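Given next are the chains, with one letter for each unit.
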Amino acid sequence: MNRVRPVIYTLLAVVILGAMGLASFDVVTGRWEAVPVLSGSMRPGLGLGGVAIAERVPASSLQLRDVVIYRNPFDSQERIVHRIVSLRQNAAGQPVIRTQGDANTYRDPWAVKVTGQSTYVVEASVPYLGYAIYLDRG
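Only a predicted model underlies this, so the values are computations on that prediction, with no experimental measurement involved.

Conventions adopted
Residues numbered from 1 in each chain as written. Predicted model: local features only at pLDDT ≥ 70, side-chain atom pairs only at ≥ 80, totals over all residues. Heavy atoms only, no water. Pairing = 2+ DSSP bridges. Helix = DSSP H or I, 4+ residues; strand = E, 2+ residues; numbered from the N terminus. Axes fitted to C-alpha atoms, helices over the stretch in contact; angles between N-to-C directions. pLDDT = per-residue confidence, 0-100. Phe/Tyr/Trp six-rings, centres within 6.5 Å; stacked < 30°, edge-to-face > 60°. 1 Å grid on protein atoms, 1.4 Å probe; cavity = no way out; pocket = protein on both sides within 12 Å on 5 of 7 lines; lining within 4 Å. Points joined across faces, edges and corners; volume = space filled by probe spheres on them. Nonpolar A, V, L, I, M, F, W, Y, C, P; charged D, E, K, R; others polar. Core = buried A, V, L, I, M, F, W, Y, C linked by side-chain atoms within 4.5 Å. Buried < 20%, exposed > 50% of the residue type's maximum accessible area, 1.4 Å probe, protein only. Contact = heavy atoms within 4.5 Å. Salt bridge = Lys/Arg side-chain N within 4 Å of Asp/Glu carboxyl O.

A. Representation of the pairing of strand β7 (residues 118-126). As paired strands, strand β2 (residues 51-58) and β7 are joined by eight bridges and run antiparallel to one another. Opposite V51, over in β7, you have V126 as the bridge partner. In this sheet, β7 lies alongside strand β3 (residues 67-72) in antiparallel orientation, the contact comprising two bridges. For V68, the partnering residue across the bridge sits in β7 and is V121.

B. Focus on the sheet that holds strand β6 (residues 111-113). Pairing within the open sheet is antiparallel, and its seven strands lie in the order β1-β2-β7-β3-β4-β5-β6. Two strands in the sheet have a free side with no partner beyond their single neighbour: β1 (32-36) and β6. Across the sheet, the mean angle separating the axes of adjacent strands is 50° when strand polarity is ignored. Bridging between β1 and β2 involves five bridges; their strand directions are antiparallel. Bridge pairing links A34 to I53 in β2.

C. Expanded view of the confidence of the model for the chain. Here the chain averages 84 in pLDDT, while 81% of its residues score no lower than 70. When pLDDT is averaged over each element of the chain, strand β5 (residues 95-100) comes out on top at 97 and helix α2 (residues 129-137) at the bottom at 63.

D. Representation of the packing of aromatic side chains within the structure. Evaluated as defined, the whole model comprises one aromatic pair. Geometrically, the ring pair formed by F74 and W110 is edge-to-face, given 5.7 Å between the ring centres and 65° between the ring planes. With a gap of 36 residues between them, F74 in the loop between β3 and β4 (75-89) and W110 in the loop between β5 and β6 connect regions that are remote in the sequence.

E. View of the layout of surface pockets. Counted as a void, the second largest pocket has a volume near 280 Å³. Looking at the second largest pocket, it is lined by 14 residues, and the ones nearest its centre are I69, Y70, R71, T119 and Y120. With four residues, the single largest contributor to the lining of the second largest pocket is β3. Looking at the lining of the second largest pocket residue by residue, the classes come out as seven nonpolar, three polar and four charged.

F. Focus on the nonpolar core. Formed by V57, A59, L62, V68, Y70, I80, I84, I97, W110, V112, V114 and V121, the largest nonpolar core amounts to twelve residues. Of all the secondary-structure elements, those providing two or more residues to this core are β3 and β4. Excluding residues that lie within four positions of it along the chain, L62 makes contacts with V68, I84, L87, P95, I97, V114, T119 and V121.

G. A look at the pattern of salt bridges. All chains considered together, the criterion is met by two salt bridges. In this structure, R79 and E33 form a salt bridge, with 2.3 Å as the shortest nitrogen-oxygen distance. With R79 in strand β4 and E33 in strand β1, the pair connects residues that are 46 residues apart, well separated along the chain. Given the relative accessible area of 25%, R79 is considered partly exposed. As a salt-bridge pair, R83 and D102 come within 2.8 Å of each other at their nearest N and O atoms. Of this pair, R83 sits in strand β4 while D102 is found in the loop between β5 and β6, placing the two residues 19 residues apart along the sequence. Of the residues examined, R83 reaches a relative accessible area of 16% and is grouped as buried. The partly exposed category is assigned to D102, whose relative accessible area is 34%.

Set out below in structure tokens:
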């Protein structure tokens, strides 16, 4: 049993490192995006200090109630993670969305035109990891 345990630990470490490598590759290539959650506007689903994990999907596949990541129309450095509460297409066929945080009483005061062929839809979250990412940037 004492000789089997190191082999199991080694295999487990290889599997974990391999999964981390694949996940890192997907983030670097743009298939996935990880964004720190810097406010409580999406509570209880996405808590303050967590990380929203989003998959790049065709813009044409957006649906009402999807949680998306987009740039703040007034500050392009800030990314917002909110839920689609209204979805329509403009004359050019581009999706135009209205969003709202789950914990917010009111919709965001803007409509966002989704430019490009794809956008990011949140698929998962990792609690507390955002604190480490945010502090590392400060």
